[in-house]
Amino acid sequence: QVQLVESGGGLVQPGGSLRLSCTASGSILMVYGMGWYRQAPGKQRELVAGITGGGSTNYADSVKGRFTISRDNAKNTVYLQMNSLKPEDTAVYYCNAELKTLAAGTKYSYWGQGTQVTVSS
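Everything numeric here is computed off the predicted structure, so don't read it as measured data.

## Looking at unusual backbone geometry
A positive phi angle, close to 50 degrees, is found at N76, a residue other than glycine. Mapped onto the secondary structure, N76 falls in the loop between β7 (67-72) and β8 (77-82). Positioned with a positive phi, S84 is a non-glycine residue whose angle comes to about 50 degrees. Tracing the sequence through the fold places S84 in the loop between β8 and β9 (91-101). Using a relative accessible area of 42% as the deciding quantity, one classes S84 as partly exposed.

## Quick notes on the pairing of strand β11 (residues 115-119)
Only one face of β11 is covered, namely the one carrying T115, V117 and V119; the face carrying Q116 and T118 has none of its residues buried. Alignment of strand β2 (residues 10-12) against β11, held across 3 bridges, turns out to be parallel. Looking at the pairing, V12 lines up with V119 of β11. Sheet analysis places β9 next to β11, joined by 3 bridges and oriented antiparallel. Bridging across to β11, A91 finds its partner in V117.

## Side note on the nonpolar core
W36, L80, M82 and Y93 are the most contacted members of the largest nonpolar core, which totals 30 residues. Contributions of two or more residues to this core are made by β1 (2-7), β3 (18-26), β4 (28-39), β5 (46-51), β7, β8, β9 and β11. The element that contributes the greatest number of residues to this core is β9, accounting for 5 residues.

## A word on the sheet that holds β3
Spatially, 4 strands are ordered β1-β3-β8-β7 in an open sheet, and the strand pairing comes out antiparallel. Strand pairing shows two members of the sheet lacking a second neighbour, β1 and β7, which therefore form its edges. The sheet shows a mean angle of 15 degrees between the axes of neighbouring strands, taken without regard to direction. Two strands pair when backbone bridges link them, and β1 and β3 are joined in this way by 6 bridges, in the antiparallel orientation. Within the sheet, the bridge partner assigned to V5 lies in β3 and is T23.

Basis of the calculations
Residues numbered from 1 in each chain as written. Predicted model: local features only at pLDDT ≥ 70, side-chain atom pairs only at ≥ 80, totals over all residues. Heavy atoms only, no water. Helix = DSSP H or I, 4+ residues; strand = E, 2+ residues; numbered from the N terminus. Buried < 20%, exposed > 50% of the residue type's maximum accessible area, 1.4 Å probe, protein only. Pairing = 2+ DSSP bridges. Core = buried A, V, L, I, M, F, W, Y, C linked by side-chain atoms within 4.5 Å. Axes fitted to C-alpha atoms, helices over the stretch in contact; angles between N-to-C directions.

What follows is the structure, given as structure tokens:
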């Protein structure tokens, strides 16, 4: 069984920073792409940032230059450093990982439980 556990959300003032972490645990054989998505009330879930196993990254236009995604492959952990936060960044942030377990012969997509980020004065 695989679990993705997120941490680091909270309440921050506009212009502030937060760092999200997500660690995958369980009977993992290999972790491929990892990413962060977010869903604001009344809106669809959207990709915020993604990172491949080789370290290539991509970002939503709305966060380019403010957010940085990184990963520690030895720890099966992905991070999202969020700077210059705006009220419109308020959402539940979800971690996603494509990985292969010891039992499965193919990779599957797994999701974390979500962590709330609120940007407000």
